[in-house]
Amino acid sequence: GLACPEPFAVTRSDTCVIKYPDTVVDIVEPDLPPYSVIYPGPTLTTFPQHTIVGSTALLDLGKLLGSRGSHGFGGRCGS
């Protein structure tokens with residue numbers, strides 16, 4: 001009777017979108033009226049993934065997941 005603990009893995013994948021502000025350039029030429037050129041700011045999209053892999057003998061899944069549910073661990077977008 002050797003009892004083996006069960007393996008487990010919990011994964012969370014988020015989409016993180018950061019939109020940077022536009023750049024406005026004012027152009028003044030001697031023979032023309034002044035005007036502005038707007039360069040759109042870049043949009044950065046990342047897909048951070050957080051995975052916990054372990055054994056039920058080492059961790060209590062109830063404490064690991066807690067009130068956050070099965071997808072409630074990990075960091076913040078952009079951290």
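Residues numbered from 1 in each chain as written. Predicted model: local features only at pLDDT ≥ 70, side-chain atom pairs only at ≥ 80, totals over all residues. Heavy atoms only, no water.

As for the overall build of the chain
As a reminder of what qualifies: Only runs of H or I of at least four residues qualify as helices and only runs of E of at least two qualify as strands under DSSP, and these elements are numbered from the N terminus. Relative accessibility thresholds used throughout: buried, under 20% of the residue-type maximum; exposed, over 50%; partly exposed, between the two (1.4 Å probe, protein chains only). Throughout, a contact is declared for two residues whenever any of their heavy atoms are within 4.5 Å. For the accessible areas, the method is Shrake-Rupley and the probe is 1.4 Å, while residue cover comes only from the protein chains on display.
Across its full length, the chain holds one helix and six strands. Written out in order from the N terminus, the α and β elements of the chain read β-β-β-β-β-β-α. The 79 residues of the chain split such that 10% are buried. Counted over contacts in the chain with a minimum sequence separation of 6, partners at least 24 positions apart contribute 66%. Carbon and sulfur atoms make up 60% of the accessible area of the chain, which amounts to about 6,400 Å² in all.

Focus: the environment of Ile38
Mapped onto the secondary structure, Ile38 falls in strand β4 (residues 35-39). Overall, the relative accessible area of 54% leaves Ile38 in the exposed class. For the pair Ile38 and Asp26, spaced 12 residues apart in the sequence, the C-alpha separation amounts to 8.8 Å. Among all residues touching Ile38, those that are not within four sequence positions of it are Asp22, Thr23 and Val24.

Structural notes on the pattern of salt bridges
Two side chains that carry opposite charge are able to pair once their charged atoms sit near each other. The test is simple: When a carboxyl oxygen of Asp or Glu is within 4 Å of a side-chain nitrogen of Lys or Arg, the pair counts as a salt bridge.
The tally for this structure, following the rule as stated, stands at two salt bridges. Between Arg12 and Asp14 there is a salt bridge, and its shortest N-O distance comes to 3.1 Å. With a shortest N-O distance of 3.3 Å, Asp22 and Lys19 are connected by a salt bridge. Exposure remark for Asp22: the relative accessible area of 44% places this residue in the partly exposed category.

Comments concerning the environment of Gln49
Following the sequence through the fold, Gln49 ends up in strand β6 (residues 49-55). Gln49 sits 35 residues away from Asp14 along the chain, and the two C-alpha atoms are 6.7 Å apart. Excluding its chain neighbours within four sequence positions, the residues that come into contact with Gln49 are Arg12 and Ser13.

Examining the confidence of the model for the chain
The condition that has to hold: Across the chain, each position has a pLDDT score giving the predictor's confidence in that residue, from 0 to 100.
Averaged over the chain, the pLDDT score is 75; the fraction of residues at 70 or greater is 66%. Ranking the elements of the chain by mean pLDDT puts helix α1 (residues 61-65) last, at 53, and β4 first, at 94.

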